[in-house]
Amino acid sequence: MRPDPGGRPGAVRVRSAAKINLHLGVGAPRDDGFHPLDTVYQAVSLYDDLTASRADDWSVTTRTAVHLGDVALPGPGDNIVDRVAELLCATRCDEGCRPTARVEIDKTIPVAGGMAGGSADAAAALVALDRLWDLRTPDDALLDLAAQLGSDVPFALVGGTAHGLGRGEVVTAVEDHGSWAWVVVPDTGGLSTPAVYRHWDTLFPDAPATPAPAQPVLTALASGDPMALAAALRNDLEAAAVDLRPDLGELIARGEAEGALRGMVSGSGPTCVFLCESPEAARDVATALSATRDVVLTAHGPVAGAHLLG
Ligand code: C5P
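Computed from a predicted structure; not experimentally measured. (Residues numbered from 1 in each chain as written. Predicted model: local features only at pLDDT ≥ 70, side-chain atom pairs only at ≥ 80, totals over all residues. Heavy atoms only, no water.)

> Where do I start with helix H6 (residues 215–223) in this structure?
In an α-helix, one turn spans 3.6 residues, which is why side chains three or four residues apart end up on the same side. Within the span of H6, buried status applies to Val217, Leu218, Ala220 and Leu221. Seen end-on, H6 carries its buried residues on one side only, within an arc spanning 165 degrees. Check the buried side of H6 and you find it contacts strand S1 (11–26), strand S2 (37–53), strand S5 (161–165), strand S7 (180–185) and helix H7 (226–232). Positioned one or two residues after H6, Gly224 has a phi angle of 75 degrees, which is positive. (Buried < 20%, exposed > 50% of the residue type's maximum accessible area, 1.4 Å probe, protein only. Helix = DSSP H or I, 4+ residues; strand = E, 2+ residues; numbered from the N terminus. Arc of directions from axis to C-beta. Contact = heavy atoms within 4.5 Å.)

Have a look at this one:
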């Protein structure tokens, strides 16, 4: 589509990546119910692509990759992208403006799997609609809006590898000297993030307020050594996710027996991820796990945060 007479683009396409938490230290819940986190995020090469085009009204449609299977998607008006549009309109547009665009999302990130697919879509929509509507929102204001949309939306904007504090929304880029090879095993038997946090509260009623610091992972990242990173990986939510879904523990053990340096639950799960020594080793582990799993993916990180395509 051609730009309009004001020079605004006719359509904007943005790519946004999935995340893995290399370290997820969780503290006792705060007064607002959120848990303080000390986390290290890494953006990995599974993507959702979002296209926003000029239109007379507002619509959001989602196409899912075959490997995602028959997943339940948000209904009309319920998508996080609807909230992005409302928030941008309320904070960055003239009073009384109403969002108009046709938004199409091509999803390959596992849905409700602990890889922040919804947050990736929110970040992509922020970048795309800001551009489509020519709002020119400064980066720090975009990060503020992202934090209002979800704890890991700011990271989805920033990408790469980053340290997250607060409830995960305060992100700072970190030194990462590696190119890390992952196997990703999605799972459709959704564990909801709030349910996993609630279960963690019942398992650890005396948890300290301050989450475990990320220093071991930060040091391993700077070394670039996969063995060092494998030894340092930590996800405090894993105990809660595996208690709710014991089969995830069995999957992790199988991946490690097949040659992964380390397996773990991704975020709140139920997707599991496996760090491997090299891309070749990741392909071997993926092939072995494919004997009993329908969908096994490989990915690498770090990759960029939400960015314009073409
Ligand atoms: O911020 P976000 O919308 O991603 O959070 C989803 C849910 O996950 C929250 O409503 C809360 O139950 C839980 N959560 C939490 N502590 C965090 C992040 C998320 O308890 N730091």
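Read on for the rest.
> Is there a simple way to think about helix H9 (residues 246–257) in this case?
Over its 12 residues, H9 extends 17 Å from the first C-alpha to the last, a length consistent with the 16 Å expected when each residue adds 1.5 Å. Residues of H9 that are buried: Leu248, Leu251, Ile252 and Gly255. For H9, the buried positions fall inside an angular range of 100 degrees around the axis, keeping them on one side. When the buried face of H9 is taken as reference, the exposed residues oriented beyond 90 degrees from it are Glu250 and Ala257. The inward-facing, buried residues of H9 contact S7, helix H8 (238–244), strand S9 (262–265), strand S10 (272–276) and helix H10 (279–289). Note on H9: the residue one or two positions beyond its end, Gly259, has a positive phi of about 120 degrees. (Expected span 1.5 Å × (residues − 1).)

> It is not clear to me how the packing of helix H1 (residues 80–92) against helix H3 (residues 139–149) should be interpreted in this structure. Could you clarify?
Relative orientation and spacing of two packed helices are given, respectively, by the angle between their axes and the distance between those axes. Contact pair H1 / H3: the axes reach a minimum separation of 11 Å and the direction vectors enclose 135 degrees. Taken together, the axis directions place H1 and H3 in an arrangement best described as oblique. Crossing of H1 against H3: the hand is right-handed. Taken together, the residues of H3 that come into contact with H1 (itself represented by Ile80, Arg83, Val84, Leu87, Leu88, Thr91 and Arg92) are Leu145, Gln148 and Leu149. Of the residues belonging to the contact of H1 with H3, the class tally is 6 nonpolar, 2 polar and 2 charged. (Axes fitted to C-alpha atoms, helices over the stretch in contact; angles between N-to-C directions. Parallel < 35°, antiparallel > 145°, perpendicular 65-115°, else oblique. Left-handed = near helix turned anticlockwise from the far one by under 90°. Nonpolar A, V, L, I, M, F, W, Y, C, P; charged D, E, K, R; others polar.)

> Before we go on, may I ask you to explain the site of the ligand in this structure?
The ligand sits among Gly33, Phe34, His35, Leu37, Gly150, Ser151, Arg167, Thr193, Pro194 and Tyr197. Within the backbone of Arg167, a nitrogen or oxygen atom sits 3.0 Å from a nitrogen atom of the ligand. Per-element accounting of the shell around the ligand gives the leading share, 3 residues, to helix H5 (residues 193–203). Here the shell around the ligand is composed, by residue class, of 4 nonpolar, 5 polar and 1 charged. (Near = heavy atom within 4 Å. Polar contact = N/O pair within 3.5 Å; in protein donor to acceptor, adjacent residues only side chain to side chain.)

> Would you explain the packing of aromatic side chains in this entry?
Centre distance and the angle of the planes are the two values used to describe a pair of aromatic rings. This structure, assessed with the given rule, holds 2 aromatic pairs. Between the aromatic rings of Trp200 and Phe204, the centroid separation amounts to 5.5 Å while the plane-to-plane angle is 50 degrees, which identifies the pairing as tilted. For Trp200, a relative accessible area of 4% corresponds to the buried category. Here Phe204 falls in the partly exposed class, since its relative accessible area comes to 35%. (Phe/Tyr/Trp six-rings, centres within 6.5 Å; stacked < 30°, edge-to-face > 60°.)

> How should I be thinking about the pattern of salt bridges in this particular structure?
Side chains that differ in charge, positive against negative, can pair when their charged atoms come close. Enumeration over the complete set of coordinates arrives at 15 salt bridges. Two residues, Glu104 and Arg63, come together in a salt bridge whose shortest N-O distance is 3.9 Å. Linking Glu104 in strand S4 (residues 101–107) with Arg63 in strand S3 (residues 58–64), this pair joins segments that are 41 residues apart in sequence. Where Lys107 meets Asp121, a salt bridge forms, and the shortest distance between an N and an O atom there is 2.9 Å. In this pair, Lys107 sits in strand S4 while Asp121 sits in helix H2 (residues 117–132), placing the two residues 14 residues apart along the sequence. Neither residue differs from the other here; Lys107 and Asp121 are each classed as buried. The network of salt bridges with shared partners includes Arg13, Arg15, Asp49, Arg63, Arg102, Glu104 and Asp106. (Salt bridge = Lys/Arg side-chain N within 4 Å of Asp/Glu carboxyl O.)

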